[in-house]
Amino acid sequence: MTSEQGSTNDMRDGTPPTAGSAPRRTPLDAVHRRLGATIAPFAGWDMPLRYGSEREEHLAVRQRAGLFDLSHMGEITLTGPGAGAALDHALVGYLSALAVGRARYTMLCAEDGGILDDLIVYRTGDEEFLVVANAANAERVLAELRSRVAGYATELRDDRDAYALVAVQGPAAAGILGRLTDAPLAGLRYYACLSGTVAGVPALIARTGYTGEDGFELFVPPGDAERLWDALTDAGADDGLVPAGLSCRDTLRLEAGMPLYGHELTDATTPFDAGLGRVVRFDKGTGDVRFVGREALARAAEAAAGTPGRALVGLVAEGRRVPRAGYRVTTPDGTVVGEVTSGAPSPTLGRPIAMAYVDAEHGEPGTEVAVDIRGGLEPHRVVALPFYQRPR
Amino acid sequence: MSTPDNLRYSKEHEWLSATVDGVATVGITEHAANALGDVVFVDLPQVGATVSAGEVCGELESTKSVSELYSPVSGEITEINQDVVDAPALVNSGPYESGWLFKVRVSEEPTDLLGADEYDAFTQS
């Protein structure tokens, strides 16, 4: 038996780690090894892929709760009276309008409109923002932001080593976390954050995640990460909380229709290509803020409003073969109409699913298409994204 | 994990049972099953098909990857494990028992397979 596609290939990140350099280890590395995790290099880090069955971890997050180490993510802090204006210029979103204690999904685009990374920005104070970048892109986000905010009344701090990031995700997450903190979680909305203490550990508590479930992300000092992990493990034991790896994180986000950089998002796609044009705020400020990529993105917006070329859609397999990133999408008789960007067996749907870019005329829900799976045309049906939405 | 002493192993991570009345059983090793993660689909040769030692005869899909299945022996397929086709997770839960893949009427006994100790040394190197 030989593997055609290595376990990490399907989570390619666009920027391979520097050749020859040893993978970095998170502050929770020893914990993962004690738990017997399958560890693989990812974006320059040794990360836990799974602790046992990734399918069981996936279902635990959907039905109970999962505990993730996301310390590979890249944090950058901006402070100062001009921090909001600097981010309005550097990113496509309208960050100066973000209320303190709220978070926003946004993007860093190149001058030509291509996506350099997708980000979450938390406004942690009047004059303080926390930018969270994908691990694989953290270096270039840092470099781009540094150069873009020069001249603004803001200071930029590389905080990649200042935090461990632990996420507790799933319907039981709020109950579990509530046992360890006095912070008013009930009043904390989705995409909001507050400073508090969890199990005696100072934390930025954010109601964000990448799983399609309710949940929290906790930014904590690295030296406290293990204490926090152990406390959450104990507090969640009766609720069926399990440690969960990056493998299930990928299938969770795929079911939730959330794009992944290097797959649905690349420097050759604009936010409009990905159906995420809403993140581009031409109306920021007085509507004339000169932000990087503005002209190209305005053209992309116009093109998208006219005749859309390609659409990002969901595919559900009729059979059991799994469509994988890079496989061609065709009409039932084999004419190529698109390409799969992410694909996996869906534990929730019980059949393989994928996201794919397809020619818009074949992108209507219900359209029958095929995916060329190693030479065989396997029938699939186009569906609206997301595949899964949590009951509210 | 313990590698059964009564089986022989290929470097492609398949196991082969002793031949009884001309027929031997094939599966993948626990090492391979662990490396794959949850197996979600198995594609096996048809009963009556001829397989050749060292050649591709099927595939296994897991959450993150697809892998080709090699036959460790030459011969004719006499039976496939329909339970594992219906419930591929059996490959993970019992790779040496309920997760067996197919049976072969052996046309030629292989000479290049590894014993359990040799296979363990191979996977740990």
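Quick caveat: nothing in here was measured; it's all calculated off a predicted structure. (Residues numbered from 1 in each chain as written. Chains lettered and ligands numbered in written order. Predicted model: local features only at pLDDT ≥ 70, side-chain atom pairs only at ≥ 80, totals over all residues. Heavy atoms only, no water.)

Our next topic: the overall build of chain B. Along chain B, the regular secondary structure elements total four helices and nine strands. Order of helices (α) and strands (β) in chain B, N terminus to C terminus: β-β-β-α-β-β-β-β-β-α-α-β-α. Rg of the C-alpha trace for chain B: 13 Å, near the compact-globule value of 14 Å for 125 residues, within the 12% margin. Expressed along its principal axes, the backbone C-alpha trace of chain B runs to roughly 35 × 30 × 20 Å. Residue burial in chain B is summarised as follows: out of 125 residues, 54% are buried. Taking all contacts inside chain B whose residues are at least 6 apart in sequence as the whole, residues at least 24 apart take part in 60%. Placing the 5 positive and 22 negative side-chain charges of chain B at their respective mean positions leaves the two points 2 Å apart. (Helix = DSSP H or I, 4+ residues; strand = E, 2+ residues; numbered from the N terminus. Rg over C-alpha atoms; globule rule 2.2 N^0.38 Å. Buried < 20%, exposed > 50% of the residue type's maximum accessible area, 1.4 Å probe, protein only. Contact = heavy atoms within 4.5 Å. Lys, Arg positive; Asp, Glu negative; His and termini not counted. Charge placed at Lys NZ, Arg CZ, Asp CG, Glu CD.)

Turning our eyes to something else, we now look at helix H3 (residues 83–90) of chain A. Residue and element names in this part refer to chain A. For H3, a buried count of seven out of eight residues is recorded, marking the element as mostly surrounded by other parts of the structure. Taken residue by residue, H3 has Ala 83, Gly 84, Ala 86, Leu 87, Asp 88, His 89 and Ala 90 as its buried positions. The inward-facing, buried residues of H3 abut strand E6 (74–79), strand E7 (103–109), strand E8 (115–125), strand E9 (128–133) and helix H4 (138–149).

Moving on to the confidence of the model for chain B. Detailed reading of the predicted coordinates is not advisable wherever pLDDT falls low. Summing up the model confidence of chain B, the mean pLDDT is 95 and the portion of residues at 70 or higher is 99%. Taken together, the chains of this predicted complex give a pTM of 0.93 and an interface ipTM of 0.87. (pLDDT = per-residue confidence, 0-100.)

Pairing is antiparallel across the open sheet formed by six strands, whose spatial order is E1-E2-E3-E9-E8-E5 (chain B). Unpaired on one side and paired on the other, strand E1 (8–9) and strand E5 (50–51) of chain B mark the two borders of the sheet. (Pairing = 2+ DSSP bridges.)

Our focus in this paragraph is helix H2 (residues 54–63) of chain A. Residue and element names in this part refer to chain A. Burial analysis of H2 places seven of its ten residues in the buried class, the great majority of the element. Within the sequence span of H2, burial applies to Glu 54, Glu 57, His 58, Leu 59, Ala 60, Val 61 and Arg 62. Residues of H2 that are buried sit in contact with strand E4 (45–50), strand E5 (65–69), strand E11 (164–169), strand E15 (241–243) and helix H7 (246–255).

Quick look at the pairing of strand E21 (residues 376–383) of chain A now. Residues and elements named next belong to chain A. Here four bridges tie strand E16 (residues 310–317) to E21, and the two strands are oriented antiparallel to one another. Following the sheet pairing, Ala 317 is matched in E21 by His 380. Alignment of strand E20 (residues 368–373) against E21, held across six bridges, turns out to be antiparallel. Looking at E21, one finds that Val 371 is bridged to Glu 378. With antiparallel pairing between neighbouring strands as the criterion, E20 and E21 make up a hairpin whose turn holds two residues, including Arg 374 at a positive phi of roughly 50°.

This part covers the packing of H3 of chain A against H4 of chain A. All names here are of chain A. For the pair H3 and H4, the least separation of the axes is 9 Å and the interaxial angle reads 115°. With respect to each other, H3 and H4 are oriented roughly perpendicular. Two packed elements cross with a definite hand, and for H3 against H4 that hand is right-handed. Residue-level inspection shows Ala 86, Leu 87, His 89 and Ala 90 of H3 in contact with H4, the latter providing Leu 145, Arg 148 and Val 149. Looking at the contact of H3 with H4, its residues break down into five nonpolar, one polar and one charged. (Axes fitted to C-alpha atoms, helices over the stretch in contact; angles between N-to-C directions. Parallel < 35°, antiparallel > 145°, perpendicular 65-115°, else oblique. Left-handed = near helix turned anticlockwise from the far one by under 90°. Nonpolar A, V, L, I, M, F, W, Y, C, P; charged D, E, K, R; others polar.)

Proteins that are soluble and globular tend to have nonpolar side chains buried together. Residue and element names in this part refer to chain A. Core analysis: the largest hydrophobic core is formed by 31 residues, its most contacted members being Leu 177, Ile 205, Phe 216, Leu 218, Leu 228 and Leu 232. Elements represented by at least two residues in this core include exactly E5, E11, helix H5 (173–178), strand E12 (193–198), strand E13 (201–206), strand E14 (215–220) and helix H6 (225–236). Sort the elements by how many residues they give to this core and H6 lands first, with five residues. In terms of nonpolar packing, the next biggest core, distinct from the first, is built from 28 residues, Ala 43, Met 47, Ala 206 and Ala 244 among them. (Core = buried A, V, L, I, M, F, W, Y, C linked by side-chain atoms within 4.5 Å.)

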